[in-house]
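The residues making up each chain are set out below.
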Amino acid sequence: MDLPRIFTIRESAHRIHNPLSTAKLAALGESLRLAPGARVLDLASGSGEMLCTWARDLGFTGTGVDISTVFTEQARARAAELGVTDRVEFIHGDAAGYVAKQPADVAACIGATWIGDGFAGTIELLERSLRPGGLLLIGEPYWRLTPPDEETARASHATAIADFLELPDLVGRFQGLGYDVVEMTLSDQDSWDRYVAAQWLTMRRWLDRNPDDDMAAEVREELTTEPARYVRTTREYLGWGVFALMKR
Ligand code: SAH
């Protein structure tokens, strides 16, 4: 049970595995207006930057669950580096179906809503770990501009145009599920670059160090084709945001 290795090659130098910048991640934490000690459950916590920096800056506590051994180790190392090992813990495991023993003030899934077969199922999953009146955080893509055709959608990290909604429709869907959208922090094209363009330098340095690796040809091909694909498609068409929801 682990994340395919190509992801850890591309994103080994990332602390945040989504299109939010460090500043946006900090702003998201502050936007929740919670007191120190607030308990956060983070499903698919990646390298743990959200829990670790929120623990350091805001005094939150929390648990992260992630299927990647590499990212989970990075998360534990980051907690030690930031001096917050008494406030956060990281569990290596499948987050699909994970329910916290103690209800959380905030239950989050930032950029991995496939763990609940989409955002509606992920909201249901998170709800099982949330205290009454708590906040859900969902990180989800939307179409910044709807692609002109299916080929462009497929080149923008979707399988079809129907995979994602435009922002007003996504907000409407959350409301239709019985939630108030009470806050949001959206990526922009610059923060997308921090997520995607940063992968290119990581891949180039990895290639220079690992020319004979089994995955070298695949990484070489990606590094050659990705920048043009990204600026033509994802950067133009795909939006991404974290939405804070409270049950009505
Ligand atoms: N929330 C983190 C990571 C987002 S990237 C951040 O924003 O930085 C998606 C993450 O989902 C990866 O860390 C990957 O390892 C994790 N993941 C994918 N499938 C998973 C599953 N079934 N259970 C737990 N984690 C999963």
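Here the structure is a predicted model, which means the values were calculated and not measured.

Colleague: Mind showing me how you'd approach the packing of helix α8 (residues 189-209) against helix α9 (residues 216-232) here?
Modeller: In a packed pair of helices, the relevant descriptors are the angle between the two axes and the axis-to-axis distance. As a packed pair, α8 and α9 sit with axes 10 Å apart at the nearest point and diverge in direction by 150°. The angle between α8 and α9 falls in the class roughly antiparallel. Judged by the sense of rotation from one axis to the other, the crossing of α8 with α9 is left-handed. Contacts from Q189, W192, D193, V196, W200, M203, R204, W206 and L207 of α8 reach α9 at A216, V219, R220, E222, L223, E226, P227 and Y230. Of the residues assigned to the contact of α8 with α9, the class counts are 11 nonpolar, 1 polar and 5 charged.

Colleague: Before we go on, may I ask you to explain the site of the ligand in this structure?
Modeller: The environment of the ligand is formed by 19 residues, the closest being N18, A44, D66, D94 and A95. A distance of 2.8 Å separates an oxygen atom of the ligand from a polar atom in the backbone of H17. One nitrogen or oxygen atom from the main chain of I67 is found 3.1 Å from a nitrogen atom belonging to the ligand. In the complex, the protein chains occlude 90% of the 570 Å² of accessible area that the ligand would expose alone. Split by residue class, the shell around the ligand holds 10 nonpolar, 7 polar and 2 charged.

Colleague: What's the story with the packing of helix α2 (residues 22-31) against helix α3 (residues 49-58) in this structure? I'm lost.
Modeller: Running from amino to carboxyl end, α2 crosses α3 at an angle of 60°, the nearest separation of the two axes being 10 Å. Compared by their axis directions, α2 and α3 come out oblique. The hand of the α2/α3 crossing is right-handed. Across the interface between the two elements, L25, A26, L28, G29 and E30 from α2 touch E49, M50, T53, W54 and L58 from α3.

Colleague: Where do I start with the side chain of E140 in this structure?
Modeller: With respect to the helices and strands, E140 occurs in strand β5 (residues 130-143). Among buried charged residues, E140 stands out as having no salt bridge; its nearest opposite-charge side chain is R173, 8.8 Å away. For E140, the side chain forms a polar contact with the side chain of T113, separated by 2.7 Å. The contacts of E140, once residues within four sequence positions are left out, are T113, F119, L170, G239, W240, G241 and F243.

How each quantity is defined
Residues numbered from 1 in each chain as written. Predicted model: local features only at pLDDT ≥ 70, side-chain atom pairs only at ≥ 80, totals over all residues. Heavy atoms only, no water. Axes fitted to C-alpha atoms, helices over the stretch in contact; angles between N-to-C directions. Helix = DSSP H or I, 4+ residues; strand = E, 2+ residues; numbered from the N terminus. Parallel < 35°, antiparallel > 145°, perpendicular 65-115°, else oblique. Left-handed = near helix turned anticlockwise from the far one by under 90°. Contact = heavy atoms within 4.5 Å. Nonpolar A, V, L, I, M, F, W, Y, C, P; charged D, E, K, R; others polar. Near = heavy atom within 4 Å. Polar contact = N/O pair within 3.5 Å; in protein donor to acceptor, adjacent residues only side chain to side chain. Areas by Shrake-Rupley, 256 points an atom, 1.4 Å probe, with all protein chains shown as cover. Buried < 20%, exposed > 50% of the residue type's maximum accessible area, 1.4 Å probe, protein only. Lys, Arg positive; Asp, Glu negative; His and termini not counted. Salt bridge = Lys/Arg side-chain N within 4 Å of Asp/Glu carboxyl O.

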